[in-house]
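Remarks on the overall topology
Here is how the chains run, residue by residue.
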Amino acid sequence: MSSTLRRRYRGIVFDLDGTLLDTRAGMIEAINAVLREHKLQPVDAQDLAHSVHFGLDAMLRQALELRGSGESVEALARQVRQRYLRTASESVRLFDGARELLTALSAERVWLAICSNQSQESAMRLLASFGIAGYFDAVAGGDTLERRKPDPLPLQWLLDRGGLRPNEVLMIGDSDSDVDRRCAEAAGVDVVLMEHGYGLAEVTEPCARWANFRAVAGELVR
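Residues numbered from 1 in each chain as written. Predicted model: local features only at pLDDT ≥ 70, side-chain atom pairs only at ≥ 80, totals over all residues. Heavy atoms only, no water.

**Some details on the sheet that holds strand 6 (residues 169-173)**
Taken together, the six strands give an open sheet; going across it, the order is 5-4-1-6-7-8, and neighbouring strands pair in parallel fashion. Each having just a single partner strand, strand 5 (138-140) and strand 8 (209-210) make up the two edges of the open sheet. As paired strands, strand 1 (residues 11-14) and strand 6 are joined by four bridges and run parallel to one another. Within strand 6, the residue paired with Gly 11 across the bridge is Val 169. Docked against the sheet, helix 5 (residues 98-107) engages strand 1 and strand 4 (111-115), running at close to 155° with respect to strand 1. (Pairing = 2+ DSSP bridges. Helix = DSSP H or I, 4+ residues; strand = E, 2+ residues; numbered from the N terminus. Contact = heavy atoms within 4.5 Å. Axes fitted to C-alpha atoms, helices over the stretch in contact; angles between N-to-C directions.)

What follows is the structure, encoded as structure tokens:
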């Protein structure tokens, strides 16, 4: 990426799950704990490979459907969310190089935001628990607006908050054909996918990728 392109991006929007934070194991652990409490068999990552891109409630819904349960998602979602946030410090990790990248981008006064399908509360609490909330100028969760990714609305809302045009922003995500690329392309925003993410097995078309955050820093930080 040339220095011209580096200057082009005044703002960068990050996905959360599978991009900045490795949350999948923690979310599945929380879901399985509640399933067991209700005498239901646990699920694994492969069972929820699709719904992981749509947030914790979507994962719980798929788990209940797989187990043939008539339990209400709404009735159990609060229990799952509470357990997940209570244990996140042990079950969730920040991907290597993420903190250093955020520090470098902030030093260059790049506008930073989060566009996640987790609930606003969960996203904010996770960012705070890892000490990175202060890097971000805006956060859009899955329940912030009436529609979530892959609809472009939350990304467009973030651009409005930052006073940025689509061609001034880069989105960094992890799921290609499923969520992040569709959201970014619909909003007219460039998108790059992290290879450590959860969605690359679903890639159907070529898309720019980065192996890790050190590679991202090498491209975006002067």
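**Observations regarding empty space enclosed by the protein**
Summed over all chains, the structure comprises one cavity of 30 Å³ or more. One number sums up the size of the largest cavity: a volume of about 80 Å³. Forming the walls of the largest cavity are 13 residues, and the residues nearest its centre are Asp 15, Asp 17, Val 52, His 53 and Asp 174. For the lining of the largest cavity, a count of residues per class yields four nonpolar, four polar and five charged. (1 Å grid on protein atoms, 1.4 Å probe; cavity = no way out; pocket = protein on both sides within 12 Å on 5 of 7 lines; lining within 4 Å. Points joined across faces, edges and corners; volume = space filled by probe spheres on them. Nonpolar A, V, L, I, M, F, W, Y, C, P; charged D, E, K, R; others polar.)

**Observations regarding the environment of Glu 168**
Looking at where Glu 168 falls in the secondary structure, it is placed in the loop between helix 7 (153-162) and strand 6. A relative accessible area of 8% places Glu 168 in the buried class. As for Glu 168 and Gln 120, which are separated by 48 residues in sequence, their C-alpha atoms are 25 Å apart. Setting aside residues no more than four positions away along its own chain, Glu 168 makes contact with Arg 8, Tyr 9, Arg 10 and Gly 11. (Buried < 20%, exposed > 50% of the residue type's maximum accessible area, 1.4 Å probe, protein only.)

**Observations regarding unusual backbone geometry**
Residue Pro 150 is bonded to the preceding Lys 149 through a cis peptide linkage, with omega at 15°. Take Pro 150: it is sitting in the loop between strand 5 and helix 7. The phi angle at Lys 39 is positive, at roughly 60°, despite the residue not being glycine. Tracing the chain through its elements places Lys 39 in the loop between helix 2 (24-37) and helix 3 (56-66). With a relative accessible area of 76%, Lys 39 lands in the exposed category.

Honestly, it's all geometry; don't read function into it.
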